[in-house]
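A look at the structure
Listed here are the chains, written in short residue letters.
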Amino acid sequence: MKSLVIAVGLAALLISGCSKRDASLPAGNVLRYPLTTEPTTFDPALVEDGPTIDMLFQVFEGLVRWEVGSELMPNIAESWEISEDGRTYTFKLKQGVKFHNGRELKAEDFVYSVDRCLDPDTLSPTAGTYLNDLVGAKERMNGQADTTRGIRAIDDYTLEIEIDAPKAYFLAKLTYPTWYALCKEEVEKGGGKITAENMVGTGPFKLKEYRKNSKVILAANEDYHDGRPTLDGIERPIVLDATIRHQMFERGEVDLVDVQKGDLQADQRDPVLSKQLQFFDRAAVFYFALNQQAYEPFKDKRVRQALALAFDRKEAARVALLDVNKPANGILPPGIPGYDPDFPGWPYDPERARKLLADAGYPNGQGLPKLTLTFREKTPDLRKVSEVAADMWKKNLNISVQLQEMEWGAFLEARNKGTMAFYHLRWSADYIDPQNFLSLMLHTDTPENTLGYSNPEFDRICDMADKERDHDKRMSMYRQAERIAIDDAPWITTYYQRDIELIKPYVQGIRDSLMGHLPHTTTEIVRDKK
């Protein structure tokens, strides 16, 4: 009898083990992977965070798109011409592109979408950053004009865009959600707002269902202009906790999941999971932001530099990130033109850091007001790096830095208002150009710069580089600007992004770029790959 009990127990254990690893194939040709945050919005004019954009770009799209290898390709625009002075772009639109409600897209839809984004009543947090090159954009945003002069429909399939100066990065900028085509009649059904009820684009998937704090379900767009996607749908359970996400993958409830460093070594030892690990380098940099508007001592460059010198990024990458990520000596990450692999950045020099802090009037950290470092909630990697850095600043400068997690939506709002003194965040490329990291993030006049950082020489060089048409001269200018910003230390760069994911073997055809996975037009569930 005893042996029978043992046999039954072993069978149950084997079944349980099998269930943990293999009862994982989705019921249909549906990709299941978690959203790591509740969607912050369903409106392309309002979105500004990566997790939500990753959901929106399955539904909405624009004139051009990214392809494998981070190449810029035609999309709704099938061709374009650029005037000799580099200021006027004339796009020929593909005919037969339909919104999810069945109505054909026309050039006037882009005029409406862009103008709505610039309309001050829309309250777009990103229009001033991603549409500011358009002629008449500032007047429209300031309420001094009822329309946007720089965009017009020549006919149903011809769109003309005029910008204020020749800019080498402009075409790539059109991939950002502020340039997505919106369906006017559907937006008007929502009283001018876009919610889950009237989220209608032209993309490869359309919204089927949204359950707040639970799940987003997308269905294949049968009439997609580039051919129906291979998947029947995408399911995005909303799971904020990284540990729970990982457990869901092990139980076969999702097909793809991010991996935090705390799970990596166990996954590498696991005979099943180790074969499902994949690594992806991204054009993104993590950094500590030092806000001069919210913390008075940060107005003194020596205080910022002292914190930079007292932070050992190599040791942080080793201890907190298991050397998976490369320490970031500069702002521009690998893959972005202008990246300099030989740039040394700040050395680790505690003695010099202590002298700078004392010269600034805070010997041994005395007299510094309370300092809190904030980061997104439920992100173990961010917490671990922050803990290691706080220990270094305590040890080297006698500064006690308090750590604070914050809900993602509240974090973004506080960042935009410039009320957080000190925070740990990532900047990921919207497009493959140094302007996207330097001018866009740290120029005195950019809306993204909520830190109070201002250096006229940095601004002057960025302004010249943004308009320079000679590639080599342009890259040389951006490198010069990057060195100024590193020395001023409004950011203390920490490491470059390298994603770790667990992906089930039956998930095939994922397209990837330096910005991340691309819309799942070719992804499929291959059942004989179980």
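Attention here is on the structure that accompanies the text. (Residues numbered from 1 in each chain as written. Predicted model: local features only at pLDDT ≥ 70, side-chain atom pairs only at ≥ 80, totals over all residues. Heavy atoms only, no water.)

This paragraph deals with the layout of surface pockets. If you add up the space inside the second largest pocket, you get close to 540 Å³. Contributing to the lining of the second largest pocket are 25 residues, with N132, D133, K138, D164 and K167 lying nearest its centre. Listing elements by their share of the lining of the second largest pocket, those giving two or more residues are α4 (127–130), α5 (137–141), α15 (439–442) and α16 (456–467). Counting residues per element, the lining of the second largest pocket draws most heavily on α5, at four residues. Looking at the lining of the second largest pocket residue by residue, the classes come out as seven nonpolar, eight polar and ten charged. (1 Å grid on protein atoms, 1.4 Å probe; cavity = no way out; pocket = protein on both sides within 12 Å on 5 of 7 lines; lining within 4 Å. Points joined across faces, edges and corners; volume = space filled by probe spheres on them. Helix = DSSP H or I, 4+ residues; strand = E, 2+ residues; numbered from the N terminus. Nonpolar A, V, L, I, M, F, W, Y, C, P; charged D, E, K, R; others polar.)

Look at α16 against helix α17 (residues 471–488): their axes get within 9 Å of each other, and the N-to-C directions meet at 160°. For the element pair α16 / α17, the angle class is roughly antiparallel. By crossing handedness, the relation of α16 to α17 is classed as left-handed. Between α16 and α17, the residues in contact are E457, F458, I461, C462, M464, A465 and D466 and R474, M477, Y478, Q480, A481, I484 and A485, respectively. The residue inventory of the contact of α16 with α17, partitioned by class, reads ten nonpolar, one polar and three charged. (Axes fitted to C-alpha atoms, helices over the stretch in contact; angles between N-to-C directions. Parallel < 35°, antiparallel > 145°, perpendicular 65-115°, else oblique. Left-handed = near helix turned anticlockwise from the far one by under 90°. Contact = heavy atoms within 4.5 Å.)

Turning to the sheet that holds strand β8 (residues 205–211), a few remarks are in order. The strand order across the open sheet built from four strands is β1-β10-β9-β8, with neighbouring strands paired in mixed fashion. Whereas interior strands pair on both sides, the edge strands pair on one side only; in this sheet they are β1 (30–32) and β8. Strand-to-strand, the axes of this sheet are offset by a mean angle of 15°, without reference to chain direction. Pairing geometry for strand β9 (residues 215–220) and strand β10 (residues 233–237), over five bridges, is antiparallel. The residue of β10 that forms the bridge with A219 is G233. (Pairing = 2+ DSSP bridges.)

In the structure shown here, the tally under the stated rule is 21 aromatic pairs. With 4.4 Å between their ring centres and 15° between their planes, F286 and Y495 make a pair best called stacked. Here Y495 lies in strand β16 (residues 491–503) and F286 lies in strand β12 (residues 277–290), a separation of 209 residues in the sequence. Among the residues examined, F286 registers a relative accessible area of 12% and is labelled buried. Take Y495: its relative accessible area is 5%, and that puts it in the buried class. (Phe/Tyr/Trp six-rings, centres within 6.5 Å; stacked < 30°, edge-to-face > 60°. Buried < 20%, exposed > 50% of the residue type's maximum accessible area, 1.4 Å probe, protein only.)

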